[in-house]
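Here's the letter readout for the chains.
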Amino acid sequence: MISLMVQWQSITQDLNSGLTTPDRFDRLLATIRQVLNCDASALLLYQDQQFTPLAINGLADDVLGRRFVIDDHPRLEAIARAGDIVRFPADSHLADPYDGLISNHDEKLQVHSCIGLPLLIDDRLIGAITIDAFDPGQFDLLRNEDLRFVSALAASGLHTALLIEQLEKQTSVSTIENQTLTSRRGDRIEMIGQSANMQALKEQINAVANTDLTVLIMGETGVGKELVASAIHQQSNRESNQLVYLNCAALPESVAESELFGHVKGAFTGAISNRKGKFEQADGGTLFLDEIGELSLSLQAKLLRALQYGDIQRVGDDRHITVNTRIVAATNRSMHEEVKAGRFRADLYHRLSVFPIAVPPLREREGDVILLAGFFAERMCRKLNLSNIRLSESLTQTLKDYTWPGNIRELEHLISRAAVLAKASSKAPLTADNRQKVKQITLDIEHINLQSSSAHGLNDNSSNESSSNESSSNAHSSNAHSSNAHGSNVSSSAANISAANNSDTSANISCQNFKQATEDFQKQLIQQSYQQNQQNWSATARELGLDTGNLHRLAKRLGIKQ
């Protein structure tokens, strides 16, 4: 025990040293693993009825991205409600959340020994430490007194880290004193990722959120621009008021002005009563204008006035209505190019881009793809009524190597499809009513089709700049991922174009930039598919795996149709 006390004294010094918080937690778990001789351990933060991993040791990397809702994990629920050390017998019938998630054990994946250490501050649960081992008797000689000491030490370190984090985000100590660390804050927006680019993005959000500056969010399709907008709203002093969403690309020209500014009874045919527009609905809150680059020039002028003077006019009304609405806009287009081409007003662009935020594509977020894969896998557990979804090592490496043209949305769809296929192909025994009782599955390469996803990704990001934060089209559709047949059609058409124009491509490749070459290829692909489908746009959209509305807009932008 003397040796044990020396180890804890050392880690106490680390917890109070100048190490960064992640390093302190890693050292804590490394010491726990060394002293207690366990196979895996995890430090978990408890908030909003779920455990969030802050640090892991001996577990698969994707565990850091998972969020364990206690209602779905009976062992974690037992730890949360116990108030003291919890020892689970080796033959416990309660599913272990880490089964299959301990790394470097190919044939021995089931956890046998498990202890949970709740972390309490003033009898309030703020987190937990779990220690696991394959040997059923590994922890038999550990005394509860020693484990309580570890729990108290870790609770103090975690509590200090949380206080420091809140101090960094608040403007005064008095604000913190009036809040509890474990109070429920509603459905908080969480952005999964630990890469340098994601940390920089979070810092930008933290900087601008609690101001009234207009924000322009730029990024490729599928990177999570709406999530960024929600995070800005939830961290602002407007959080208690509404965040109103409006997709500018889905606005028919005939009703666009009414949707934005509202109308009075009798303003036009069908206006049977007064109606508030999105600006009024978001009064005191935030109005999120998604795909702002799709607005018509006439509507851009009216939006500019609302931004300049802070008042609006309902359609059919002469009165001016003053609104206090913050604008957050998003686009996947290159707005500089849109302004140069005359498709977007320069004055409105400058009004919107007071604080521009560029959301990095997934390929530029090193390491985050595995955390996100774990997050989506854990979410699918609940949807498919499974206790655990594991990612094989080969699949993990494949996900790391892929370039993700469809970004996070493509990854989410891929994990969802793979989980459904893996469950369907499971060899689990049948129950009395001839149903399969599948509780754990492993996702492997055979459950995915990245070649098909890559073809769709070309359409999803119709005109990505080579390393830019902006994309110049809105050609993404979740339907593009629904059928492998679509991918083969696109690949076939692309192959025909490539063969027909091989000599032209080699001759012109040196005098075209990437963007122009991509647009030329898209134009040829759409035109060929359009002719093959007897000039039917709906059939063309189905073959290319695109939403019909997105295809029409892309065709207009490429000059294929007027």
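About the cut-offs
Residues numbered from 1 in each chain as written. Predicted model: local features only at pLDDT ≥ 70, side-chain atom pairs only at ≥ 80, totals over all residues. Heavy atoms only, no water. Axes fitted to C-alpha atoms, helices over the stretch in contact; angles between N-to-C directions. Helix = DSSP H or I, 4+ residues; strand = E, 2+ residues; numbered from the N terminus. Parallel < 35°, antiparallel > 145°, perpendicular 65-115°, else oblique. Contact = heavy atoms within 4.5 Å. Pairing = 2+ DSSP bridges. Core = buried A, V, L, I, M, F, W, Y, C linked by side-chain atoms within 4.5 Å. Buried < 20%, exposed > 50% of the residue type's maximum accessible area, 1.4 Å probe, protein only. Expected span 1.5 Å × (residues − 1). Arc of directions from axis to C-beta. Polar contact = N/O pair within 3.5 Å; in protein donor to acceptor, adjacent residues only side chain to side chain.

A. Region of the structure containing the packing of helix α20 (residues 537-544) against helix α21 (residues 548-557). Between α20 and α21, the least distance of the axes is 9 Å, while the angle of their chain directions is 100°. Considered as vectors, α20 and α21 are oriented roughly perpendicular to each other. Between α20 and α21, the contacting residues are Trp 537, Ser 538, Thr 540, Ala 541 and Leu 544 on the first element and Thr 548, Leu 551, His 552 and Ala 555 on the second.

B. Examining the sheet that holds strand β4 (residues 86-88) more closely. Taken together, six strands build an open sheet; the order of strands is β3-β2-β1-β6-β5-β4 and the sheet is antiparallel. Edge positions in the sheet fall to β3 (68-69) and β4, since each has one partner strand and no second. Bridge count for β4 against strand β5 (residues 113-121) is three bridges, and the pairing is antiparallel. Bridge assignment links Phe 88 to a residue of β5, and that residue is Cys 114. Sitting on the sheet, helix α3 (residues 74-82) is in contact with β1 (40-47), β2 (50-57), β3, β4, β5 and β6 (124-133), with an inclination near 155° to β4.

C. View of the nonpolar core. Judged by nonpolar contacts, the single largest core of 53 residues is most densely connected at Phe 51, Ile 389, Leu 399, Trp 404, Leu 411, Ile 415 and Leu 443. Top contributing element to this core by residue count: helix α13 (residues 368-383), with nine residues. Aside from chain neighbours lying at most four places away, what touches Trp 404 is Leu 362, Arg 363, Val 369, Leu 399, Glu 410, Leu 411, Leu 414 and Leu 450. Core analysis: the second largest hydrophobic core is formed by 29 residues, Met 218, Ala 282, Leu 295 and Leu 307 among them.

D. Quick peek at the sheet that holds strand β8 (residues 243-247). If you trace the five strands from one edge of the open sheet to the other, you get β8-β11-β14-β7-β15, paired in parallel fashion. On the outer flanks of this sheet lie β8 and β15 (355-358), each paired with one strand and no other. Direction aside, the axes of adjacent strands within the sheet are offset by 20° on average. Sheet topology note: the strand β11 (residues 286-290)/strand β14 (residues 326-331) ladder contains four bridges and is parallel. Among the inter-strand pairings, Leu 287 is bridged to a residue of β14, identified as Ile 327. The sheet contacts of helix α7 (residues 225-234) involve β7 (215-218), β8, β11, β14 and β15, and relative to β7 the element is tilted by about 150°.

E. Geometry of the pairing of β11. Across the five residues that make up β11, a large majority, five, are buried. Of the two faces of β11, both are covered, the one formed by Thr 286, Phe 288 and Asp 290 as well as the one formed by Leu 287 and Leu 289. For β8 and β11, the ladder comprises five bridges, and the chain directions are parallel. Considered in β11, the bridge of Tyr 245 is made with Phe 288.

F. Quick peek at the pairing of β6. Counting buried positions along β6 gives nine out of ten residues, so the element sits mostly inside the fold. Two elements, β1 and β6, share six bridges in a ladder whose sense is antiparallel. Within β6, the residue paired with Ser 41 across the bridge is Ile 131. By the bridge criterion, nine bridges tie β5 to β6 in an arrangement that is antiparallel. Paired with Leu 119 across the two strands is Gly 127, which belongs to β6. Once β5 ends, the chain turns through two residues before running back antiparallel as β6, passing Asp 122 with a positive phi of about 55°.

G. Representation of the environment of Ala 128 within the structure. With respect to the element layout, Ala 128 can be found in strand β6. For the pair Ala 128 and Leu 44, spaced 84 residues apart in sequence, the C-alpha separation works out to 5.1 Å. Beyond its immediate chain neighbours, meaning those up to four positions away, Ala 128 contacts Ala 42, Leu 43, Leu 44, Phe 51, Ile 79, Leu 117, Pro 118 and Leu 119.

H. Highlighting unusual backbone geometry. A positive phi angle, close to 65°, is found at Gln 49, a residue other than glycine. Along the chain, Gln 49 falls in the loop between β1 and β2. Backbone geometry places Asn 385, a non-glycine residue, at a positive phi of 60°. Here Asn 385 lies in the loop between α13 and β16 (388-391). For Asn 385, a relative accessible area of 56% puts it in the exposed group.

I. How the structure looks around helix α6 (residues 196-209). Taking 1.5 Å of rise per residue, 14 residues should cover 20 Å, and α6 covers 20 Å from first to last C-alpha, within 8% of that figure. For α6, the complete set of buried residues consists of Met 198, Leu 201, Ile 205, Val 208 and Ala 209. With its buried residues spanning 100° around the axis, α6 presents them on a single face. Exposed residues pointing more than 90 degrees away from the buried face of α6 are listed as Ala 196, Glu 203 and Ala 207. The inward-facing, buried residues of α6 contact β7, α7, β14, β15 and α13.

J. Looking closely at the side chain of Glu 410. For Glu 410, the position within the fold is in helix α15 (residues 407-424). At 2.9 Å, the side chain of Glu 410 and the side chain of Tyr 402 are in polar contact.

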